[in-house]
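# Overview (structure and organization)
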Amino acid sequence: MQKWICSLTILLCTHNILESQLCIEGRFSEANYFSSDEIVIENNTSYGLADNWYYDVPAPSLNSFNIAYPSFSEDPLTKRPLVVLAHGGAFWGGEKENLDYIIQQLAMRGFVAVTLNYRKGWDAFGDPENCEGDGASMQVAIYKAMQDVQAGMRYLTYHAADYGIDTSWIFIGGQSAGVYAMMNSLYMSQEEWNTIYSEQEALYGGIFSSTNNIDIDYSVKGFLNLWGGVMDTAFISIEEVVPTISFYGTDDDVVPPYSGNFLGCEQYAYVYGSAAINEFMNDHGVCSVLNKRAGYGHDTYEDDYVIDNMSCFMKSIFCNDCSSYEVNYDLSTCSDIVIDETSVLGNEKLALEIFPNPASDYVVINSINALNKNSAISIYDVMGKRMNVVYQIQNFAMILNTENLAEGAYFFLLENEQQIAKGSFIIQ
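## Thoughts on the packing of helix 3 (residues 100-108) against helix 10 (residues 303-318)
- One can describe the packing of helix 3 onto helix 10 by two numbers: an axis separation of 10 Å at closest approach and a directional angle of 40 degrees. Considering the angle they form, helix 3 stands oblique to helix 10. For the pair helix 3 and helix 10, the crossing hand works out as right-handed. From helix 3, Tyr101, Ile102, Gln105 and Leu106 reach across to helix 10, where they touch Asp303, Asp304, Ile307, Met310, Ser311 and Met314.
- Residue classes in the contact of helix 3 with helix 10 are distributed as six nonpolar, two polar and two charged.

Dropping the structure here:
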């Protein structure tokens, strides 16, 4: 046990340094950190070329992305968090350029930001809103979009050094259909997809092996859901779930707030919307921010509102300050956040860090003002069963031996003589 604890000393110091690099006053907030002339913009970079196209007509421009990032000469950080967004358009319309303003503004706040295209087109017979389109061809378009966004993510991860990307801090999402492709491709395995659409892999190749042949893994820190959804929250496992911010209108008739078919057409794809995703996150103790506009429909948020709130959501994760809440159209401010905090049962907030999270063999809870030799911790699974976990306190860190915990979410109460703090972590 002592050898295991001592081996974490360097990790503790390294983690604190990395966290302090991103929890920076003024950066990643609602305010610009860089000027427009300090931003590099590159357009139409190809991330691959798919074999199967709608009507078999190749369109290479649909497998490309635009990227914006702070100039290396102006940015003190050599590695920056990545944001990747996919446009909306019912898998029938839309272009990556629709999100150019958003990625440029995110870059001015300090991110590396990308908008990517993907294959689109299905037998909508002129207008998908007429409910006369072919639902089967729509599902093929969704599958191909999933293949493409995954290929784009592999390309960006592989070429991270070219753009100064920190691959340990990746956020993905998009608008409407784009985030539907992103969420399904993150939360559904090939095997799960095949249980519903068994023929598509044989016809068009795998979700994770099309459009380019890059073989590389990546992980995601958060989801940015702009009036989109996922096929079914039942496919989201607690081991893979990540903090999520969602935006929706309560009268949305394109993507239902809770669940239903796209555009209300029974032959079109089914979707669980922002309200359902938020409910799932809350039920499993995962940070979820829900922006709603009462009485409004689809795509009703101004770009600047979305940019400011997404930026502050991501910064809250950098600063270990992510908390779940609902808001009815209210701008976020976060430029002055510079410390890590978590929720506390009492009168005072405690500085608290939990890492790695997700974890496997150990979890470190690091705090200056919540830990001393008399501190104690109680750990519970999602069913409320108390778990027996061995731990040691070293300086201002509590180190939990979690190698015997099963995969899943766990919650804890950390107590000292005067205060009680609560938090959670995931074992995978």
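Having put the structure on the table, let's press on.
## Quick word on the packing of aromatic side chains
- Applying the stated criterion across every chain, the model contains 28 aromatic pairs.
- An angle of 80 degrees between the planes, with centres 6.2 Å apart, marks the rings of Phe247 and Tyr305 as edge-to-face. In this pair, Phe247 is assigned in strand 7 (residues 244-249) and Tyr305 in helix 10, connecting sequence segments 58 residues apart. The pair formed by Phe247 and Tyr305 is uniform in burial state, with each residue classed as buried.
- Seen in terms of ring centroids, Tyr305 and Tyr329 are 4.4 Å apart; in terms of plane orientation they differ by 5 degrees. Their pairing is stacked. Of the two residues, Tyr305 sits in helix 10 while Tyr329 sits in the loop between strand 11 (325-328) and strand 12 (344-345), which places them 24 residues apart along the sequence.
- An aromatic cluster of at least three residues, connected via ring pairs, comprises Phe28, Phe111, Trp169, Phe171 and Phe318.
- Just above the ring of Tyr329 sits the side chain of Arg293; from NZ or CZ to the centre is 3.9 Å.

## Focus on helix 4 (residues 135-158)
- The terminal C-alpha atoms of helix 4, which comprises 24 residues, lie 35 Å apart, in line with the 34 Å expected from a rise of 1.5 Å per residue.
- Burial analysis of helix 4 places 22 of its 24 residues in the buried class, which makes it a mostly covered element.

## Brief notes about the confidence of the model for the protein chain
- Of all residues in the protein chain, 85% attain a pLDDT of 70 or more, and the chain-wide mean is 85.
- Throughout residues 1-20 the model reports pLDDT below 50, and contacts reaching past four residues in sequence, or to other chains, amount to 29 contacts.

## Some points on the environment of Asn291
- Here Asn291 is to be found in strand 10 (residues 288-293).
- Take Asn291: its relative accessible area is 0%, and that puts it in the buried class.
- For the pair Asn291 and Asp330, spaced 39 residues apart in sequence, the C-alpha to C-alpha distance is 8.0 Å.
- When near neighbours in sequence (up to four residues on either side) are disregarded, Asn291 contacts Ile245, Ser246, Phe247, Tyr248, Tyr301, Tyr305, Asn309, Val327 and Asp330.
- One polar contact links Asn291 to Tyr305, side chain to side chain, over a distance of 2.6 Å.

## Observations concerning a negative patch on the surface
- On the surface, Asp127, Glu129, Asp251 and Asp253 cluster together to form a negatively charged patch.
- Secondary-structure assignment places Glu129 in the loop between strand 4 (112-116) and helix 4.
- We classify Glu129 as exposed; its relative accessible area is 58%.

## Re the pairing of strand 4
- In terms of burial, strand 4 is largely enclosed, as five of its five residues are buried.
- Residues Val112, Val114 and Leu116 point to one face of strand 4 and Ala113 and Thr115 to the other, with burial holding for every one of them.
- One ladder, built from four bridges, connects strand 2 (residues 64-70) with strand 4; its direction is antiparallel. Considered in strand 4, the bridge of Asn66 is made with Thr115.
- Of the crossover connections in this fold, the one passing from strand 3 (residues 80-86) over helix 3 to the parallel strand 4 is right-handed.

## Looking at the nonpolar core
- By size, the foremost hydrophobic cluster in this structure holds 67 residues, and its most contacted members are Phe65, Val84, Phe91, Tyr118, Trp193 and Val241.
- Here this core takes 11 residues from helix 4, the largest share from any one element.
- Not counting residues within four places of it along the chain, the set of residues in contact with Val84 comprises Val114, Leu116, Met153, Leu156, Phe171, Ile172, Gly173 and Met182.
- Ala113, Leu224, Tyr301 and Val306 belong to the second-largest nonpolar core, a separate cluster that totals 36 residues.

So, how was this worked out
- Residues numbered from 1 in each chain as written.
- Predicted model: local features only at pLDDT ≥ 70, side-chain atom pairs only at ≥ 80, totals over all residues.
- Heavy atoms only, no water.
- Axes fitted to C-alpha atoms, helices over the stretch in contact; angles between N-to-C directions.
- Helix = DSSP H or I, 4+ residues; strand = E, 2+ residues; numbered from the N terminus.
- Parallel < 35°, antiparallel > 145°, perpendicular 65-115°, else oblique.
- Left-handed = near helix turned anticlockwise from the far one by under 90°.
- Contact = heavy atoms within 4.5 Å.
- Nonpolar A, V, L, I, M, F, W, Y, C, P; charged D, E, K, R; others polar.
- Phe/Tyr/Trp six-rings, centres within 6.5 Å; stacked < 30°, edge-to-face > 60°.
- Buried < 20%, exposed > 50% of the residue type's maximum accessible area, 1.4 Å probe, protein only.
- Lys NZ or Arg CZ within 6 Å of the ring centre and 35° of its normal.
- Expected span 1.5 Å × (residues − 1).
- pLDDT = per-residue confidence, 0-100.
- Polar contact = N/O pair within 3.5 Å; in protein donor to acceptor, adjacent residues only side chain to side chain.
- Patch = residues over 30% accessible without salt bridge, like charges linked within 9 Å, V, L, I, M, F, W, Y side chains within 5 Å.
- Areas by Shrake-Rupley, 256 points an atom, 1.4 Å probe, with all protein chains shown as cover.
- Salt bridge = Lys/Arg side-chain N within 4 Å of Asp/Glu carboxyl O.
- Lys, Arg positive; Asp, Glu negative; His and termini not counted.
- Charge placed at Lys NZ, Arg CZ, Asp CG, Glu CD.
- Pairing = 2+ DSSP bridges.
- Right-handed = clockwise from strand over helix to strand, strands pointing away.
- Core = buried A, V, L, I, M, F, W, Y, C linked by side-chain atoms within 4.5 Å.

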